[in-house]
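Spelled out, the chains give:
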Amino acid sequence: MAKFLAELLGCTLPSKGASPMFESKSHSRVGLKSSTKPKTTIFSTLASEKSLSDCKKESMPQTPPFSAMFDSSGYNRNLYQSAEDSCGGLYYHDNNLLSGSLEALIQHLVPNVDYYPDRTYIFTFLLSSRLFMHPYELMAKVCHLCVEHQQLSDPDSDKNQMRKIAPKILQLLTEWTETFPYDFRDERMMRNLKDLAHRIASGEEQTYRKNAQQMMQCLIRKLATLSQYEEVLAKISSTSTDRLTVLKTKPQSIQRDIITICNDPYTLAQQLTHIELERLNYIGPEEFVQAFVQKDPLDNDKSCYSERKKTRNLEAYVEWFNRLSYLVATEICMPVKKKHRARMIEYFIDVARECFNIGNFNSLMAIISGMNMSPVSRLKKTWAKVKTAKFDILEHQMDPSSNFYNYRTALRGAAQRSLTAHSSREKIVIPFFSLLIKDIYFLNEGCANRLPNGHVNFEKFWELAKQVSEFMTWKQVECPFERDRKVLQYLLTVPVFSEDALYLASYESEGPENHIEKDRWKSLRSSLLGRV
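Definitions and cut-offs
Residues numbered from 1 in each chain as written. Predicted model: local features only at pLDDT ≥ 70, side-chain atom pairs only at ≥ 80, totals over all residues. Heavy atoms only, no water. Phe/Tyr/Trp six-rings, centres within 6.5 Å; stacked < 30°, edge-to-face > 60°. Helix = DSSP H or I, 4+ residues; strand = E, 2+ residues; numbered from the N terminus. Buried < 20%, exposed > 50% of the residue type's maximum accessible area, 1.4 Å probe, protein only. Core = buried A, V, L, I, M, F, W, Y, C linked by side-chain atoms within 4.5 Å. Contact = heavy atoms within 4.5 Å. pLDDT = per-residue confidence, 0-100. Axes fitted to C-alpha atoms, helices over the stretch in contact; angles between N-to-C directions. Parallel < 35°, antiparallel > 145°, perpendicular 65-115°, else oblique. Left-handed = near helix turned anticlockwise from the far one by under 90°. Nonpolar A, V, L, I, M, F, W, Y, C, P; charged D, E, K, R; others polar.

Novice: What is the right way to read the packing of aromatic side chains from this model?
Specialist: In this structure the tally under the stated criterion is 21 aromatic pairs. Ring geometry for F361 versus Y407: centroids 5.4 Å apart, planes at 80°, classification edge-to-face. Taken together, the residues F361 in helix α16 (residues 361–371) and Y407 in helix α20 (residues 401–419) connect sequence positions 46 residues apart. As far as burial versus exposure is concerned, F361 and Y407 are alike and both buried. A ring pair is formed by F458 and W462, whose centres lie 5.1 Å apart and whose planes are at 90°; its orientation type is edge-to-face. Here F458 pairs with W462, and both are found in helix α23 (residues 458–475), just four residues apart, close to one helical turn. Among the residues examined, W462 registers a relative accessible area of 0% and is labelled buried. In textbook terms, an aromatic cluster arises when at least three aromatic residues are bridged by ring pairs, as seen for F321, F356, F361, F404, Y407 and F432.

Quick look at the structure:
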């Protein structure tokens, strides 16, 4: 993962002659160019949530959508009411929680008879706490506080108090299991969850037992679905082969290309959106934090550091971007005739344009990346037959200058459209993923996790949670387009050329132009085709 991040963050929007945006085990990379100008963070207009004093009422708090969790400043300014600047190990300024000791923040997470933490705080702390401790350690502390402080272990405790506190503890556990279900793949997490849920459900109230069972059943379904998804990805990965290997056993004249499978660019853009939304949906919010987790200087346990770096779904999404870029380049380089290659380029330009209109910026960038790879961009005779006006417009929209100002403006427009959408079609926002990761990375690197006094810098984590929560809203959108199984199967499983095979196909289509290219062509013919 460290190598993946180093390659990702060293990286620019590919100019012609570049390889795809991301590094993977089988592909070379091109990175995102780092701008010296201040980073422009994209936030949509978000509504404020109710104050903590409202949550202190006996009724349970409502769970708002992620888009309503934070206001435009980065966090809810009405969450905390304290007449003092410092209270119980927590430091406030203008009624906003800015920092606190780790223990005080944990205490602040656990409800009592008169208090339930706001959802913004729950999400922010559960997201950021893994930078300081493993989730199972936090769960153990939460369980201890719930049991000891709320006297759940005492059968003779005040039943009236139990009736007030039990649903709040159950609500906290439900928030955790719904928002961070992957934490519970750890047996230690599941064991503590079951124990605390059992204590709550063992009372006389049938409602508690029913709600606890529903929570567990929902969590188990989510984890089972994740396991099935991972099995499918593993199967696809294990059966992937190089396109050149297939060509050697199957004449090119009977090979299918993507236009024969789907000749409508709009339909292909829709199917790409299906894949994007499905893979986005499986990325847990914690993966953005775990991707950049570093050793906490106040933590002496070295073992939990490596355990926290679980980013498999994020990496699978990165690999999809690579695959799509290489698929585009393969489809363009494979045709023998120049007019067919030109037609393929124009086809993908139309697909990219439809992706832009849908709000699928990740597929758009992958397609542009594939068309800008060296084996494709060097095909000058082919490009001479292409009407590139539409492609130039798309490249302008994704221009990396001024820290991707044009793209960020388009993303902001798509996000605003999503907030006021009347249909699922208008709700789609699929961000250019590497830039999203880069923004979060620099937010994480730009501020210390702890202040000089050892307090957790919670002001930083409000902003981190704001960015991740926006992504959470986008990934929950249901794809409104009809599935085309044949097209999806082709996109996910058709073999693609390796980088060497792409260069060989490119040289075979339009011969080498200099001695360096001639030498490489001879070398590739020898190694890949066994010819001199």
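Novice: Just checking my understanding: could you explain the nonpolar core for this structure?
Specialist: Where a protein is soluble and globular, its nonpolar side chains tend to be buried together. By size, the foremost hydrophobic cluster in this structure holds 151 residues, and its most contacted members are L268, F288, F348, M371 and F433. The residues contacting L268, other than those within four sequence positions of it, are I258, C262, Y347, F348, V351, V487 and L491. Y503, L504, Y507 and L528 belong to the second-largest nonpolar core, a separate cluster that totals five residues.

Novice: How do you make sense of the confidence of the model for the protein chain when you look at a structure like this?
Specialist: Predicted coordinates in regions of low pLDDT should not be interpreted in detail. Of the residues in the protein chain, 74% have a pLDDT of 70 or more, and the chain-wide mean is 81. Scored below 50 in pLDDT, residues 1–14 shows 47 contacts in the model against residues more than four places distant or in partner chains. Residue range residues 302–306 is modelled with pLDDT below 50. Its contacts to residues more than four positions away, or to other chains, number six contacts.

Novice: Which parts of the structure should I look at to understand the packing of helix α15 (residues 338–358) against α16?
Specialist: Helix-helix packing: each pair is described by the crossing angle between the helix axes and the interaxial distance. Contact geometry of α15 with α16 gives a least axis separation of 8 Å together with a crossing angle of 155°. As judged from the angle between their axes, α15 and α16 are roughly antiparallel. As for the relative orientation of α15 and α16, their crossing is left-handed in sense. Note on element contacts: α16 touches α15 through F361, S363, L364, I367 and M371, opposite I345, F348, I349, V351, A352, C355 and F356. Here the contact of α15 with α16 is built from residues that sort into 11 nonpolar, one polar and no charged.

Novice: So what exactly am I meant to see when it comes to the packing of helix α8 (residues 206–239) against helix α14 (residues 312–333) here?
Specialist: In the contact formed by α8 and α14, the axes pass within 12 Å of each other and the chain directions differ by 35°. Where α8 crosses over α14, the handedness of that crossing is left-handed. Along its contact with α8, which presents L226, Y229, E230 and L233, the element α14 presents R312, N313 and A316. For the contact of α8 with α14, the residue count by class is four nonpolar, one polar and two charged.

Novice: Whenever I open this one, helix α4 (residues 119–128) confuses me. Can you help?
Specialist: Residues lying three or four places apart along an α-helix face the same way, a consequence of the helix completing one turn every 3.6 residues. Within α4, 10 of the 10 residues are buried, leaving the element largely enclosed by the surrounding structure. Turning to α4, its buried residues are R119, T120, Y121, I122, F123, T124, F125, L126, L127 and S128.

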